[in-house]
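Structure assessment
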Amino acid sequence: MACILPDSEGSGTIPGVIQLAPSYELVVIDCPPSLDLLTVNALVAARQALVVSQSALFSANGLARLRRTIDVVRRSYNPTLELMGAIINLHERNTIAGREQLAEIADCITIIGDPVPKRVVLKDSAEAQTSLLDWGTTDARNLASIYRRTSGLLMEGVGNGTP
């Protein structure tokens, strides 16, 4: 797997991605949460797009804009671009807004795996530079399990027409 990150100016390394892509089974292009030039170039270069989003009002609105952008990219530059779906992060299932926004997102895009709940342990383990598995709490193990299952779904080909 290759992971491509934007440089400090946010300009793309997309030509490099296109050259590298045949050498890898999976290339991940991490884009900012905006529909800027880097994101559009990444969509032009990609075969599939995977979205990581929150179950929040502004995220749901952003997903609608992203779907329109993907449609434009398909029509103009990349007719084979496929939207795999979304991974929902920082989900607040105990709030009415979190449940309603999740339902709204699920109406317009496939949700891959279980929504990742919002937990303090994510920030704590990141700040301590410790993996969730090494953190050792029940919350950390539960989150690690969700991430592992979701990764498994992605590697099995969710978005490629196979469950």
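Residues numbered from 1 in each chain as written. Predicted model: local features only at pLDDT ≥ 70, side-chain atom pairs only at ≥ 80, totals over all residues. Heavy atoms only, no water.

Focus on the nonpolar core
Put simply, the test is: Definition used in this section: a nonpolar core is a set of buried Ala, Val, Leu, Ile, Met, Phe, Trp, Tyr and Cys residues joined via side-chain atoms within 4.5 Å. Burial classes follow relative accessibility: with a 1.4 Å probe on protein chains only, a residue under 20% of its type's maximum area counts as buried, one over 50% as exposed, and anything between as partly exposed. Secondary structure elements follow DSSP: runs of H or I no shorter than four residues count as helices, runs of E no shorter than two count as strands, and numbering proceeds from the N terminus. Any pair of residues with heavy atoms lying within 4.5 Å of one another is described as a contacting pair.
Counting 16 residues, the largest nonpolar core has Leu 43, Val 51, Ile 70, Leu 81 and Ile 109 as the members making the most contacts within it. Among the secondary structure elements, those contributing two or more residues to this core are strand 3 (48-54), helix 3 (57-76), strand 4 (82-89) and helix 4 (96-108). Per-element accounting of this core gives the leading share, five residues, to helix 3. In this structure, Leu 43 is in contact with Ala 49, Leu 66, Thr 69, Ile 70, Val 73, Asn 78 and Leu 81, ignoring residues within four places of it in sequence.

Description of the environment of Leu 43
Among the structural elements, Leu 43 can be located in helix 2 (residues 37-45). With 31 residues separating them in the primary sequence, Leu 43 and Arg 74 have C-alpha atoms 8.9 Å apart.

Considerations on the environment of Asp 139
For Asp 139, the position within the fold is in helix 7 (residues 138-156). By relative accessible area, which is 36% here, Asp 139 ends up partly exposed. On a C-alpha basis, the gap between Asp 139 and Leu 122 in space is 9.1 Å, while along the polypeptide they are 17 residues apart. Ignoring sequence-local partners within four residues, the contact set of Asp 139 consists of Arg 119 and Val 121.

Re helix 2
Residues spaced three or four apart along an α-helix face the same direction, because each turn holds 3.6 residues. The test is simple: Of all possible arcs, the one meant is that of the directions from the helix axis to the C-beta atoms.
When we look at burial in helix 2, the residues that qualify are Leu 38, Thr 39, Ala 42 and Leu 43. For helix 2, the angular spread of buried residues about the axis comes to 135 degrees, placing them on one side.

Looking at the confidence of the model for the protein chain
Our working definition: Residue-level confidence of the predictor, termed pLDDT, takes values from 0 up to 100.
Mean pLDDT over the protein chain stands at 81; residues scoring 70 or higher make up 80%. The least confident element of the protein chain, judged by mean pLDDT, is strand 1 (residues 2-4) at 45; the most confident is strand 4 at 90. Note that pLDDT drops below 50 for residues 1-12; the model gives that stretch 23 contacts with residues more than four away or on any other chain. Every residue in residues 159-163 scores below 50 in pLDDT, and together they form nine contacts with partners more than four places removed in sequence or on other chains.

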